[in-house]
Amino acid sequence: MEQVLFRHNRPGRVVTFKEYCDEGGFNALRKAISEMTPNEVQQAVIDSGLRGRGGAGFSTGRKWSFVPRDLPGPRWLICNCDEMEPGTYKDRVLLEHNPYSLIEGVTLACYALGVRHAFIFIRRGYEKAANNLAQGLIEAKEAGLLGKRILASEFSVDIDLHLSAGRYICGEETALINALEGKRPNPRSKPPFPATKGLWGGPTVVNNVETLANVPAIIAKGPGWFKGLARNAEGAGMKLFCVSGAVKNRVCVELPTGTTLREIIDGPCGGMKPGTKFKACIPGGASTQFLTPEHLDVPMDYDTVAKVGSRLGSGAIIVFEEGCCLVAATLNLITFFARESCGWCTPCREGLPFVKEVLTRIEAGAGEERDIEILREHVKYLNYTFCALAPGAMAPLDGLLRHFEAELREHIVQRKCPFK
Amino acid sequence: MPKLIIDNLPVEVAPGTTVLEAARSVGITIPHFCYHPALALASACRLCAVKMLDGPVKGIQMSCSLPAQDGMVVSTTDPEALKMRALVIEWLMINHPHDCPVCDEGGECLLQDFTIAGGHSRRRYQGDKRTHRNQYLGEHIYHEMNRCIQCYRCVRFYQDYAGGTDFGVTGSAGRVYFGRFEDGPLESPFSGNLVDICPTGVFTDKTGRFRARYWDYQFAPSVCQHCSVGCNLAPQVFQREVIKIVGRRNDQVNSWFICDRARFDKKGINDPSRPRAPRVDGEATDYEAALDALAARIYDFVEVHGPESLAFVGSSRLSLEGCLMLGELVANFDAASLSFYGDPAEAKGSQLATELLSGENVAAPADLASADCIVLLSVDLMNEGPMLAPFIRKAWLGGTKVYRIADPALLSGQQLPFDCIEAATLAEVPLEQASRAIVVCHATRTPREELSDVAATGARLAMLQPGPNGFGAALVAREHGARPFDELLAARKVRGIVAFESDLPVANLKGITVLGCADWQATELSQKAGVFLPTTTWMESTGTSINFEGRAQRFERAFRPGYPLKGLDAKYYAQSRYGEPAPGQPKTPPPQPPRIPRGEIPGGQEIEAWKAMARLLEKLGGELIVEPLTGSWQPLRDIDPEAGGERIFSLFKSSEPDTL
Ligand SMILES: Cc1cc2nc3c(=O)[nH]c(=O)nc-3n(C[C@H](O)[C@H](O)[C@H](O)COP(=O)(O)O)c2cc1C
Ligand code: SF4
Ligand code: SF4
Ligand code: SF4
Ligand code: FES
């Protein structure tokens, strides 16, 4: 199958600069600088249908188009490599094999946006990826592909690698901006959106690693080609899926957008773990709703997954087998979110520990009927928080109540976990 | 002007007004914790939820951060909004102690109010409460972190508004902590405002903890008399003891805040050694007898030495009423002298201010916030006008440059909450390039020529005065031809003085008889006086003072004077909260005063200084004056103490300010 992001990958090691270049790397940059205006690059990205791979799935080219070009002062681009959502590890795999697509993608985005200085914000634990990037940045610079007067053109750009202390909330784009400014990583209120007022008050685009790494191929081979890669008509491009849980092979694979869950599990994952049966999965990282066996044939794309009450999110699929307690699984995720709340707003800071307390009790056999009402209230009212962390945190609970309320009740009725 | 409907009421507000403020303008209070009009928006507590029924946004929204827009239909009572607010309270109460009866905030606690209003009463959370360690924050503020509801008001005030750096927020999730990196006294000279701004009992006033409840207090709108800025405040008095002092809003002068001196310095008022009884030659007597004695002595003195040997001395801490009455007293004698200032520099400077300043060229404290160039010209800002600093900081944060022409003698070492560009002279400051420049200076220290240079550039002046009513005293001095006391001394004519709330140094008074002295402080002068008349402090007085910008402000009597009903608390007395007992005062607090059923208040003979003067004048054969604000001063009688005060320049249209 055609690979875009993984095209240059070598088993067990990182691709070298030379190998990447020999395989057509940086040709997109050359093409853009010599043949295309920044606007044409942006238009190509709009036309390609590329949507943000950080989770929200917003059209990347359109996001770029919101950046005002007539304001005085610098504009900024930030690549978001915080990747701390449980289940999500695609950006790490991508960068551990190939930092160059990202570097080229960031440079292209800077070209399109008129950005002079970009940042790659990477979480502390990603040492290998960070080393690859650091090395790649040096190589690109030495080759005249980065820094002043790139490829002898008027276009210059610097990329800084920022190793963050790392918290889940640092992945939220405005909290990330605060962190980069050296402040507490509390999110900022929107509006104003970063596109108009972001880093140090300047227009700022924040994009995910996978999003930006797709850009070179779009420029090199055209938006039409990219859009055509998808399996479904509305889809565009390839998508990284990183699978964990009860499958035989836990892999990170690049597949066309619109591939079904069943194909992913049965194909590259080699099916379920021997002797187990699919019970449910989380399709797009910890902040998405459970899907059930009836959803196995849903094409994995933003709108199609949204239609069945979940989200494609980051494409991190966590698979649960029959006999696995989803109350415990939800509790596990909520524990993570409660810990990672930034503590700014009341519903998230206090509500998540409340949910955790209730779920802990239910799982321990001390649940009460009224607890279900409490959980429902939280699913509804944690939507009204300052940022998207809390609504995301409620997604698995929402899925639990929607598809597995009987299992939850069983805990309360039996006064114990039915799976133990 | 956006038009919207809130709870079926049509509302029209200025663009930029939030839904919460719009609701407030028609008398609907939407519960809120993190919202504070003086602070940047946080939208953190989520208590101010309302439901938008129609218009550009729909559903549950936070009213504190939602700008009012045309066509909005808002419900503050929709069941969903009520549920959201009830949940916010329930969430906050998960970790909040349930011990209001032993919390000093009880009765003045926003959390209490909105918990009751929100209807949360049954606990559903079954886990433990999170607890924190408290910190020692110095002798003024007590810290009880368990009571925190994480509204972030304190940091937004302390760091953003006041520019403090030693206090902030640490931690995340349920462990967010508001404090210092380590125990220690808060460094900001505005730290006391944490007490007012925290909606719960995390920060309480250590100098007045557990002395009384909010509903016990006597309150009155008052004006700080520590410096010439004239910040608005309200003493909280219980049984004739000032327990706490809180800030009072005046958008032009002090916004919502006061400095720590205004809040915590209650020494003069509660001072156990404060002279309470009239004295004649050291012997306590009653007021009438003391006034009789003083009148007789003045009469004899004038008979013997002639009126030209007599001087009446006031000060810049005397109220406007007192200053005017002093003028009347002097007028009663043909050739007696009047003096408000000892030092000619002070006298001249204050005088200069009354001559130069007009409604057009004077700057109010709040004007500093929108200035585009600020100069600190030989002022010790943090001592002479500390509440100007936050406004200057605001301008500075917005990019305004602040220049300082420092007088090395005045560098108190206190950090300013903004950066300054040092300049040697005014000529180095690009004042001409600014359109809203303000020069902050001090009346006693700024030569006329320099001020002319400033005025030529169109910059406005914030000219601080040597005392809280310095401007008022100078106006009266001008009206009545007062002279600096040093000049009177040099002329060698004066042989006897009568002083009212004056701080003349006694060392200067060789060969001069202090016939009488009226004061509420035990000054050296009062020890030397033949007749002593105790007066009330400003908190026990109704009166007027004029701040540095010519703003007349009325303060009202908060309580009747007299010994505190309970005596002074041994604990606080011992800790010298009121200062070391004066020589001759007991080391243990004075006991509870005797109670005389329906009698007079023990130790309560003090009267306002101007009233003492009026009675003295009557005894000297003058007319009884019951209202000192007459003639051109008459309009000041109607000043509403809660309406922000009034600039006095319009009162004196006849005497045009000098051209520079
Ligand atoms: C709590 C939270 C955590 C997030 N973490 C990440 C992250 O680790 N990586 C990421 O790319 N986006 C993350 N996002 C999404 C970003 O806010 C932002 O939408 C994204 O980086 C935009 O990039 P994209 O348009 O390329 O998807 C997070 C969002 C939230 C609310
Ligand atoms: S929902 Fe609120 S507390 Fe939670 S991470 Fe966002 S801003 Fe912080
Ligand atoms: S802070 Fe308020 S609610 Fe909390 S204990 Fe004190 S009085 Fe009660
Ligand atoms: S200490 Fe007080 S002001 Fe500060 S966050 Fe807590 S409740 Fe708010
Ligand atoms: S008052 Fe609106 S969120 Fe706190």
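About the cut-offs
Residues numbered from 1 in each chain as written. Chains lettered and ligands numbered in written order. Predicted model: local features only at pLDDT ≥ 70, side-chain atom pairs only at ≥ 80, totals over all residues. Heavy atoms only, no water. Helix = DSSP H or I, 4+ residues; strand = E, 2+ residues; numbered from the N terminus. Rg over C-alpha atoms; globule rule 2.2 N^0.38 Å. Buried < 20%, exposed > 50% of the residue type's maximum accessible area, 1.4 Å probe, protein only. Contact = heavy atoms within 4.5 Å. Areas by Shrake-Rupley, 256 points an atom, 1.4 Å probe, with all protein chains shown as cover. Lys, Arg positive; Asp, Glu negative; His and termini not counted. Charge placed at Lys NZ, Arg CZ, Asp CG, Glu CD. Pairing = 2+ DSSP bridges. Axes fitted to C-alpha atoms, helices over the stretch in contact; angles between N-to-C directions. Near = heavy atom within 4 Å. Nonpolar A, V, L, I, M, F, W, Y, C, P; charged D, E, K, R; others polar. UniProt positions renumbered as here; feature names shortened; annotations may be inferred. Domains from an automatic or database assignment. Buried area = accessible area lost by both parts, 1.4 Å probe. Salt bridge = Lys/Arg side-chain N within 4 Å of Asp/Glu carboxyl O. Polar contact = N/O pair within 3.5 Å; in protein donor to acceptor, adjacent residues only side chain to side chain. Phe/Tyr/Trp six-rings, centres within 6.5 Å; stacked < 30°, edge-to-face > 60°. Patch = residues over 30% accessible without salt bridge, like charges linked within 9 Å, V, L, I, M, F, W, Y side chains within 5 Å. pLDDT = per-residue confidence, 0-100.

> Let's hear about the overall build of chain B: which residues, and what values?
Looking only at helices and strands, chain B features 18 helices and 27 strands. In terms of overall size, chain B behaves like a compact globule, its C-alpha atoms giving a radius of gyration of 27 Å where 660 residues would be expected to give roughly 26 Å. The C-alpha extent of chain B, read off along each of the three principal axes, is 85 × 65 × 50 Å. Here chain B holds 660 residues, and 58% of them are scored as buried. If you take every contact in chain B between residues at least 6 apart in sequence, the share linking residues at least 24 apart comes to 68%. Total accessible area on chain B is roughly 26200 Å²; 50% of this is exposed by carbon and sulfur atoms. Measuring between centres, the 67 positive side-chain charges of chain B sit 7 Å from its 80 negative side-chain charges.

> Lay out the sheet that holds strand E5 (residues 73–75) of chain B in plain terms, naming residues and giving numbers.
Residue and element names in this part refer to chain B. One open sheet accounts for five strands, arranged E2-E1-E5-E3-E4; its pairing is mixed. Single-partner strands in this sheet number two, and they are strand E2 (9–12) and strand E4 (59–62). Neighbouring strand axes in the sheet, compared pairwise and without regard to direction, differ in orientation by 35 degrees on average. Strand direction decides the pairing type here: strand E3 (residues 49–54) and E5, joined by three bridges, are antiparallel.

> Requested: an account of the site of ligand 2, with residues and values cited.
What surrounds ligand 2 is a group of 13 residues, the closest being Cys 342, Trp 344, Cys 345, Cys 348 and Cys 387 of chain A. Among the residues making up the shell around ligand 2, the classes are represented as ten nonpolar, three polar and no charged.

> Would you mind going over the site of ligand 3 in detail, with residue names and values included?
Residues in contact with ligand 3, as listed here, are His 96, Asp 99, Cys 100, Cys 103, Glu 105, Gly 106, Cys 109, Leu 111, Gln 112, Arg 147, Thr 200 and Gly 201 of chain B. Split by residue class, the shell around ligand 3 holds four nonpolar, five polar and three charged.

> Explain the UniProt feature "domain: 4Fe-4S His(Cys)3-ligated-type" (unreviewed entry) in chain B to me, using residue names and the numbers behind them.
According to UniProt, the "domain: 4Fe-4S His(Cys)3-ligated-type" (unreviewed entry) feature falls on residues 80–119 of chain B. Spanning residues 80–119 of chain B, this segment combines 62% helix with 0% strand, and its end C-alpha atoms are found 14 Å apart.

> With reference to specific residues and values, describe the pairing of strand E1 (residues 76–81) of chain A.
Residues and elements named next belong to chain A. Here E1 lies mainly inside the structure; six of its six residues are buried. Sheet topology places E1 next to strand E2 (residues 117–123); six bridges connect them, and they run parallel. By the bridge assignment, Asn 80 is partnered in E2 with Phe 121.

> Before we move on, could you go through helix H18 (residues 609–619) of chain B and cite the residues and values that matter?
Residues and elements named next belong to chain B. All of the buried residues in H18 are Ala 609, Trp 610, Ala 612, Met 613, Ala 614, Leu 616 and Leu 617. On its buried face, H18 sits against helix H8 (287–305), helix H9 (320–331) and strand E22 (496–500). Phi turns positive, to about 100 degrees, at Gly 621, one or two residues after H18.

> Report on the domain arrangement of chain A, specifying residues and quantitative values.
In many analyses, interface size is given as the accessible surface area lost on bringing the parts together. Residue and element names in this part refer to chain A. Domain boundaries assigned for chain A yield domain 1 (17–228), domain 2 (238–321) and domain 3 (326–414). Taken over C-alpha atoms, the centre of domain 1 sits 35 Å from the centre of domain 3. When domain 1 packs against domain 3, close to 980 Å² is buried across both sides, 71% of that on carbon and sulfur atoms. Counting the contacts that link domain 1 with domain 3 gives one salt bridge. When the residues that make up the side of domain 1 that touches domain 3 are grouped by side-chain class, the tally is six nonpolar, two polar and four charged.

> Residues and numbers for the environment of Leu 233 of chain B, please.
Residues and elements named next belong to chain B. Topologically, Leu 233 is positioned in strand E11 (residues 232–238). Leu 233 gets classed as buried once you look at its relative accessible area, which sits at 1%. Distance in space between the C-alpha atoms of Leu 233 and Ser 350 is 25 Å, their sequence separation being 117 residues. If sequence neighbours within four positions are ignored, Leu 233 has contacts with Ala 220, Pro 221, Ser 222, Val 223, Cys 224, Ile 245, Val 246, Gly 247, Arg 248, Ile 258 and Ala 262.

> I'd like a rundown of the interface of chain A and chain B, residues and numbers included.
Between chain A and chain B, the contact holds 29 residues from the first and 33 residues from the second. Of the roughly 2600 Å² buried at the junction of chain A and chain B (both faces included), carbon and sulfur atoms supply 56%. Along the contact surface separating chain A from chain B lie three salt bridges. With a shortest N-O distance of 2.7 Å, Glu 377 of chain A and Arg 124 of chain B are connected by a salt bridge. Viewed at the interface, chain B and chain A are joined by 18 residue pairs in polar contact (both at pLDDT 80 or more). For the side of chain A that touches chain B, the elements supplying multiple residues, two or more each, are helix H14 (326–340), helix H15 (346–363) and helix H16 (369–381) of chain A. No other element matches H15 of chain A, which puts nine residues into the side of chain A that touches chain B. Of the residues assigned to the side of chain A that touches chain B, the class counts are twelve nonpolar, six polar and eleven charged.

> How would you explain the domain arrangement of chain B if you had to name every residue and give the values?
Domains assigned within chain B are domain 1 (3–92), domain 2 (279–341 + 472–650) and domain 3 (359–461). Distance from the C-alpha centre of domain 1 of chain B to the C-alpha centre of domain 2 of chain B: 51 Å.

> Can you lay out the packing of aromatic side chains for me, pointing to particular residues and giving the numbers?
Overall, the coordinates contain 32 aromatic pairs over all chains when judged by the stated rule. Measuring from centroid to centroid gives 5.4 Å for Tyr 20 of chain A and Phe 26 of chain A, while their planes differ by 85 degrees, and the two rings are edge-to-face. Of the two residues, Tyr 20 of chain A and Phe 26 of chain A, neither departs from the other in class, the shared state being buried. Here the aromatic rings of Tyr 158 of chain B and Phe 167 of chain B are separated by 5.1 Å at their centres, their planes lie at 50 degrees, and the arrangement is tilted. On the basis of relative accessible area, Phe 167 of chain B is assigned to the buried category, the value being 1%. In this structure an aromatic cluster arises from ring pairing among Phe 17, Tyr 20, Phe 26 and Tyr 100 of chain A.

> A description of the environment of Arg 240 of chain B should follow, citing residues and the corresponding values.
All names here are of chain B. Structurally, Arg 240 is set in the loop between E11 and strand E12 (241–247). Look at Arg 240 and you get buried, because its relative accessible area is 15%. Distance in space between the C-alpha atoms of Arg 240 and Ile 269 is 9.9 Å, their sequence separation being 29 residues. Once residues lying within four places of it in the same chain are set aside, the contact partners of Arg 240 are Phe 559, Arg 560, Pro 561, Gly 562, Tyr 563, Pro 564, Leu 565, Ile 601 and Pro 602. Here Tyr 563 takes part through its backbone oxygen, which lies 2.7 Å from a polar atom of the side chain of Arg 240.

> Lay out the pairing of strand E6 (residues 252–256) of chain A in plain terms, naming residues and giving numbers.
Residues and elements named next belong to chain A. Across the five residues of E6, five count as buried, placing the element largely inside the fold. Of the pairings in the sheet, the one linking strand E5 (residues 238–245) to E6 comprises five bridges and is antiparallel in character. Bridge assignment links Cys 242 to a residue of E6, and that residue is Cys 252. Between E5 and E6, which pair antiparallel and follow one another directly, the connecting turn spans six residues.

> Any details on the pattern of salt bridges? Residues and values, ideally.
Here the idea is simple: oppositely charged side chains can pair when their charged atoms come close. Residue and element names in this part refer to chain B. Inspection of the entire model under this criterion finds 69 salt bridges over all chains. Two residues, Arg 124 and Glu 90, come together in a salt bridge whose shortest N-O distance is 2.8 Å. A residue pair is termed long-range when its members are at least 10 positions apart, and Arg 124 in the loop between helix H3 (110–118) and strand E6 (141–143) and Glu 90 in helix H2 (residues 79–95) qualify at 34 residues. The same class applies to Arg 124 as to Glu 90, namely buried. Across the pair Glu 487 and Arg 483 runs a salt bridge, and its minimum N-O distance is 3.4 Å.

> Explain a nonpolar patch on the surface to me, using residue names and the numbers behind them.
All names here are of chain B. Residues Tyr 214, Trp 215 and Phe 219 make up a contiguous nonpolar surface patch of roughly 350 Å² in combined accessible area. Position of Phe 219 among the secondary structure elements: in the loop between strand E9 (203–205) and strand E10 (222–223). On the accessibility criterion, Phe 219 (34% relative accessible area) is partly exposed.

> Please provide a residue-by-residue account of the side chain of Ser 319 of chain B, values included.
Within the secondary structure layout, Ser 319 of chain B lies in the loop between strand E15 (310–313) and H9. Setting aside its immediate chain neighbours within four residues, Ser 319 of chain B contacts Asn 469, Thr 544 and Phe 555 of chain B.

> Describe the confidence of the model for chain B, and please don't skip the residues or the numbers.
Averaged over all residues, the pLDDT of chain B is 92; the fraction at 70 or higher stands at 94%. For this predicted complex, the interface score ipTM comes out at 0.95, while the overall pTM is 0.94.

> Summarise the sheet that holds strand E21 (residues 460–464) of chain B; cite the residues concerned and give the values.
All names here are of chain B. The five strands are arranged E19-E18-E17-E20-E21 in an open sheet whose pairing can be described as parallel. Where the open sheet ends on each side, the last strands, each with one partner, are strand E19 (421–422) and E21. In the sheet, strand E20 (residues 437–442) pairs with E21 via five bridges, with the strands oriented parallel. Looking at E21, one finds that Val 440 is bridged to Ala 462. Packed on one face of the sheet, helix H12 (residues 388–397) meets strand E17 (373–377), strand E18 (401–405), E20 and E21 and runs near 140 degrees to E17.

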